[in-house]
Amino acid sequence: KQEVTQIPAALSVPEGENLVLNCSFTDSAIYNLQWFRQDPGKGLTSLLLIQSSQREQTSGRLNASLDKSSGRSTLYIAASQPGDSATYLCAWEYSGAGSYQLTFGKGTKLSVIP
Amino acid sequence: DVKVTQSSRYLVKRTGEKVFLECVQDMDHENMFWYRQDPGLGLRLIYFSYDVKMKEKGDIPEGYSVSREKKERFSLILESASTNQTSMYLCASSLIGRDWYSNQPQHFGDGTRLSIL
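Described below are features of the structure shown in this document. Everything quoted here is computed from the prediction, not taken from an experiment.

**A few points about the overall build of chain B**
Phase 1: Scanning chain B for helices and strands turns up 0 helices and 11 strands.
Phase 2: Ordered by position in the sequence, the α and β elements of chain B form the string β-β-β-β-β-β-β-β-β-β-β.
Phase 3: The C-alpha atoms of chain B give a radius of gyration of 13 Å, which matches the 13 Å a tight globule of 117 residues would have.
Phase 4: Projected onto the principal axes, the alpha-carbon positions of chain B cover approximately 45 × 30 × 25 Å.
Phase 5: Expressed as a percentage of the 117 residues in chain B, the buried residues total 50%.
Phase 6: Contacts in chain B between residues at least 24 apart in sequence constitute 57% of all its contacts with a sequence separation of at least 6.
Phase 7: Of the roughly 5700 Å² of accessible surface on chain B, 50% is carried by carbon and sulfur atoms.

Written as structure tokens, this is what we have:
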């Protein structure tokens, strides 16, 4: 069964720093790797989706990369802001003949200190 | 913008009751999903549906059923609620990709915090 691990579980940085969040998965067969953010008491907001054939995706100050061979994805946040404070989750998605799996990591709680 | 609406933000029910959680999306998405989120366990997929009247079990379907009579509405049913079903329930929807299953981003509702007493 696929396992998705996010390290660290929590991270606190001063405003303006660049930072990297990590996501690792045990099964390299992959369809999509998706990054979400979740604000307290809210649902998830999709940030970036990397399809299996892609290596990275960018949106504004966010850049996500995917390395299937090492079973890792990273989310890079440039010039962090207090509004970036949230929990960030990655999700590994696999679909094949008669099979579908979607597995989330437990998240990294980010605090950006003004 | 995609809007996924869950009928209740907070719900309190009693053990043994039949509980319905409703989810509606307004973007004509084929795929709809139900998750539960628990501290220390993260998000886990309960059921999903890729078309009207179609459903597939996720990782933890026991004690739950679903209904998808219309494309925009996906209901989660707790047949006989138990205290271990106290949780945050999240609904999501997405467009179907070029393959049978989705490869498009999922859009989430704000969740229903369900307490079973």
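**Details of the state of the cysteines**
Residues and elements named next belong to chain A.
Phase 1: Across all of its chains, the model carries 2 disulfides over all chains by this definition.
Phase 2: In this model, C23 is linked to C90 through a disulfide, with the two sulfur atoms separated by 2.0 Å. Taking the torsion about the S-S bond as the criterion, the C23 to C90 disulfide, at about 80°, is right-handed. Of the two residues, C23 sits in strand β3 (residues 19-25) while C90 sits in strand β9 (residues 86-96), which places them 67 residues apart along the sequence.

**Re the environment of M32 of chain B**
Phase 1: Tracing the backbone through its elements, the reader meets M32 of chain B in strand β4 (residues 31-38).
Phase 2: The class for M32 of chain B is buried, based on a relative accessible area of 0%.

**Observations regarding the side chain of D38 of chain B**
Residues and elements named next belong to chain B.
Phase 1: With respect to the secondary-structure elements, D38 resides in strand β4.
Phase 2: Classification of D38 by relative accessible area gives buried; the value is 11%.
Phase 3: Within the structure, D38 has its side chain in polar contact with the side chain of S87 (distance 2.8 Å).

**Things to note about the packing of aromatic side chains**
Phase 1: Counting across every chain of the model gives 7 aromatic pairs over all chains.
Phase 2: Aromatic side chains F36 of chain A and F108 of chain B sit 5.5 Å apart centroid to centroid with 85° between the ring planes, which places their arrangement in the edge-to-face category. Linking F36 of chain A in strand β4 (residues 32-38) with F108 of chain B in strand β10 (residues 107-108), this pair reaches from one chain into another.
Phase 3: For F108 of chain B, a relative accessible area of 10% gives the class buried.
Phase 4: Ring geometry for F33 of chain B against Y35 of chain B: centres 6.2 Å apart, planes inclined by 20°, an arrangement best described as stacked.

**Re the pairing of strand β11 (residues 112-116) of chain B**
For a regular strand, side chains alternate in direction, first toward one face of the sheet and then toward the other.
All names here are of chain B.
Phase 1: In β11, alternate side chains face the same way, and those of T112, L114 and I116 are buried while those of R113 and S115 on the opposite face are not.
Phase 2: Inspection of the sheet shows strand β9 (residues 87-94) paired to β11 by 3 bridges, in the antiparallel sense. If you follow S87 over to β11, its bridge partner there is L114.

**Let's talk about the side chain of Q25 of chain B**
Residues and elements named next belong to chain B.
Phase 1: Positionally, Q25 belongs in strand β3 (residues 19-25).
Phase 2: Judged by relative accessible area, which is 3%, Q25 ranks as buried.
Phase 3: Within the structure, the side chain of Q25 is placed 2.9 Å from the backbone oxygen of H29, a separation counted as a polar contact.
Phase 4: Reaching out from Q25, the side chain makes a polar contact with the backbone oxygen of K71 at a distance of 3.3 Å.
Phase 5: Residue contacts for Q25: discarding those within four places in its chain leaves K3, V4, M32, R68, K71, E72 and S93.

**Description of the sheet that holds β3 of chain A**
All names here are of chain A.
Phase 1: The strand order β1-β3-β8-β7-β6 describes an open sheet built from 5 strands, whose pairing is antiparallel. Two strands lie at the open edges of the sheet, namely β1 (4-7) and β6 (56-59), each paired on one side alone. Recorded for the sheet is a direction-independent mean angle of 15° between the axes of neighbouring strands.
Phase 2: One ladder, built from 4 bridges, connects β1 with β3; its direction is antiparallel. Looking across to β3, one finds that V4 is bridged to F25.

**Comments concerning the pattern of salt bridges**
Residue and element names in this part refer to chain B.
Phase 1: Inspection of every chain in the model, using the stated rule, returns 8 salt bridges over all chains.
Phase 2: Across the salt bridge formed by E22 and R73, the nearest N and O atoms sit 3.9 Å from each other. Taken together, the residues E22 in strand β3 and R73 in strand β8 (residues 73-78) connect sequence positions 51 residues apart.
Phase 3: A salt bridge links E69 to K53; the shortest N-O distance between them is 2.5 Å. With E69 in strand β7 (residues 64-70) and K53 in the loop between β5 (42-49) and β6 (56-57), this residue pair connects regions lying 16 residues apart in the sequence. Assigned by exposure class, E69 and K53 land together as exposed.

The rules behind each value
Residues numbered from 1 in each chain as written. Chains lettered and ligands numbered in written order. Predicted model: local features only at pLDDT ≥ 70, side-chain atom pairs only at ≥ 80, totals over all residues. Heavy atoms only, no water. Helix = DSSP H or I, 4+ residues; strand = E, 2+ residues; numbered from the N terminus. Rg over C-alpha atoms; globule rule 2.2 N^0.38 Å. Buried < 20%, exposed > 50% of the residue type's maximum accessible area, 1.4 Å probe, protein only. Contact = heavy atoms within 4.5 Å. Areas by Shrake-Rupley, 256 points an atom, 1.4 Å probe, with all protein chains shown as cover. Disulfide = S-S within 2.5 Å. Polar contact = N/O pair within 3.5 Å; in protein donor to acceptor, adjacent residues only side chain to side chain. Phe/Tyr/Trp six-rings, centres within 6.5 Å; stacked < 30°, edge-to-face > 60°. Pairing = 2+ DSSP bridges. Axes fitted to C-alpha atoms, helices over the stretch in contact; angles between N-to-C directions. Salt bridge = Lys/Arg side-chain N within 4 Å of Asp/Glu carboxyl O.

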